[in-house]
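In case you want the letters, here they are:
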Amino acid sequence: MTEVVAALIWQDGRFLICQRPEHKARGLKWEFAGGKVEPGETRQQALIRECREELAVELSVGNIFMEVTHTYPDMTVHLTLYHASIISGVPQMLEHHDLRWITADAIPQYEFCPADQPILERIMRHDIRE
């Protein structure tokens with residue numbers, strides 16, 4: 001099983017989503033910022049590193065919003081989504097195809113990775129903000 005972490009970052013009533021690069025698995029699908037946990041890292045350390053590498057931002061990582069296990073044809077992921085906030089920097093597209101700040105009611109307009117579906121349903125149901 002692959003440990004994956006992601007950030008639920010809210011700003012002015014919108015949260016950040018990232019579009020996967022076209023050449024990667026699940027290319028051009030939308031997801032939360034984050035990535036794989038490397039050996040020797042905590043999940044929080046991995047999230048801070050991934051957002052630094054992919055978005056050029058420094059994060060403050062808060063509590064867990066939700067955990068999901070999902071099996072894709074090529075891998076099984078255990079995804080931990082954290083509440084997080086940007087403490088410095090402005091998100092840049094260093095690895096992603098696109099970035100958007102969206103409201104909860106805009107979720108159906110985007111094609112997300114399947115592992116994110118239970119999280120998105122919870123956000124739409126509760127319209128959660130940190």
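Residues numbered from 1 in each chain as written. Predicted model: local features only at pLDDT ≥ 70, side-chain atom pairs only at ≥ 80, totals over all residues. Heavy atoms only, no water.

Colleague: So what exactly am I meant to see when it comes to helix H2 (residues 117-126) here?
Modeller: Spacing of three or four residues puts side chains on the same side of an α-helix, whose turn is 3.6 residues. Those residues of H2 that sit buried are Ile119, Leu120 and Ile123. In a view along the axis of H2, the buried residues occupy a sector of 95°, so they form one face of it. (Buried < 20%, exposed > 50% of the residue type's maximum accessible area, 1.4 Å probe, protein only. Helix = DSSP H or I, 4+ residues; strand = E, 2+ residues; numbered from the N terminus. Arc of directions from axis to C-beta.)

Colleague: Just checking my understanding: could you explain the pattern of salt bridges for this structure?
Modeller: Pairing between side chains becomes possible if they bear opposite charge and their charged atoms approach one another. Throughout the structure, instances matching the rule amount to 9 salt bridges. Glu53 is the salt-bridge partner of Arg49, the closest N and O atoms lying 3.2 Å from each other. Taken as a pair, Arg49 and Glu53 lie in helix H1 (residues 43-55) at a separation of 4 residues, close to a single helical turn. You can call Arg49 buried: its relative accessible area is 16%. A single network of salt bridges, built from pairs that share partners, joins Glu41, Arg49, Glu50 and Glu53. (Salt bridge = Lys/Arg side-chain N within 4 Å of Asp/Glu carboxyl O.)

Colleague: Sorry if this is basic, but what is going on with the environment of Phe32 here?
Modeller: By the secondary structure assignment, Phe32 is in the loop between strand S3 (30-31) and strand S4 (33-36). A sequence separation of 81 residues divides Phe32 from Cys113, and the C-alpha atoms of the two residues are 9.3 Å apart. Apart from residues no more than four positions distant in its own chain, Phe32 is found in contact with Ala6, Ala7, Leu8, Phe15, Leu16, Leu81, Asp116, Ile119, Leu120 and Ile123. (Contact = heavy atoms within 4.5 Å.)

Colleague: Just checking my understanding: could you explain unusual backbone geometry for this structure?
Modeller: Most peptide bonds take the trans form, and the phi angle of most residues other than glycine is negative. Its identity as a non-glycine residue notwithstanding, Asp12 has a phi of 55°, on the positive side. Structurally, Asp12 can be placed in the loop between strand S1 (2-11) and strand S2 (14-19). Not every positive phi belongs to a glycine, and Ala56 is a case in point at roughly 60°. Residue placement: Ala56 occurs in the loop between H1 and strand S5 (58-71).

Colleague: Help me out: how do you make sense of the environment of Arg49 in this one?
Modeller: Remark: the alpha-carbon pair of Arg49 and Tyr72, spanning 23 residues in sequence, is separated by 24 Å. Dropping the residues within four chain positions of it, Arg49 is found in contact with Lys36, Glu38 and Glu41. In this structure the side chain of Arg49 is engaged in a polar contact, spanning 2.5 Å, whose partner is the side chain of Glu41. Polar contacts involving the side chain of Arg49 include one to the side chain of Glu50, which spans 3.3 Å. (Polar contact = N/O pair within 3.5 Å; in protein donor to acceptor, adjacent residues only side chain to side chain.)

Colleague: Could you clarify how one ought to interpret the pairing of S1 in this entry?
Modeller: For a regular strand, side-chain orientation follows a simple rule: the groups alternate between the two sheet faces. For S1, the buried fraction is high: 7 of the 10 residues fall into the buried class. As defined by bridge partners, S1 adjoins strand S6 (residues 76-88) across 8 bridges and the pair is classed as parallel. Opposite Ile9, over in S6, you have Ala84 as the bridge partner. Bridge count for S1 against S4 is 4 bridges, and the pairing is antiparallel. Across the sheet, Val4 pairs through a bridge with Lys36, a residue of S4. Across 2 bridges, S1 lies against S2 in antiparallel orientation. Opposite Gln11, over in S2, you have Arg14 as the bridge partner. (Pairing = 2+ DSSP bridges.)

Colleague: In this structure, what is going on with the nonpolar core? I would like to understand it.
Modeller: Within soluble globular proteins, side chains that are nonpolar generally end up buried alongside one another. Among the nonpolar cores identified, the biggest contains 27 residues, and Phe15, Phe32, Ile119 and Ile123 are the most heavily contacted of them. Contributions of two or more residues to this core are made by S1, S2, S5, S6 and H2. No other element matches S1, which puts 4 residues into this core. Ranked by size, the runner-up nonpolar core spans 15 residues in total, among them Cys18, Ala33, Val57 and Ala84. (Core = buried A, V, L, I, M, F, W, Y, C linked by side-chain atoms within 4.5 Å.)

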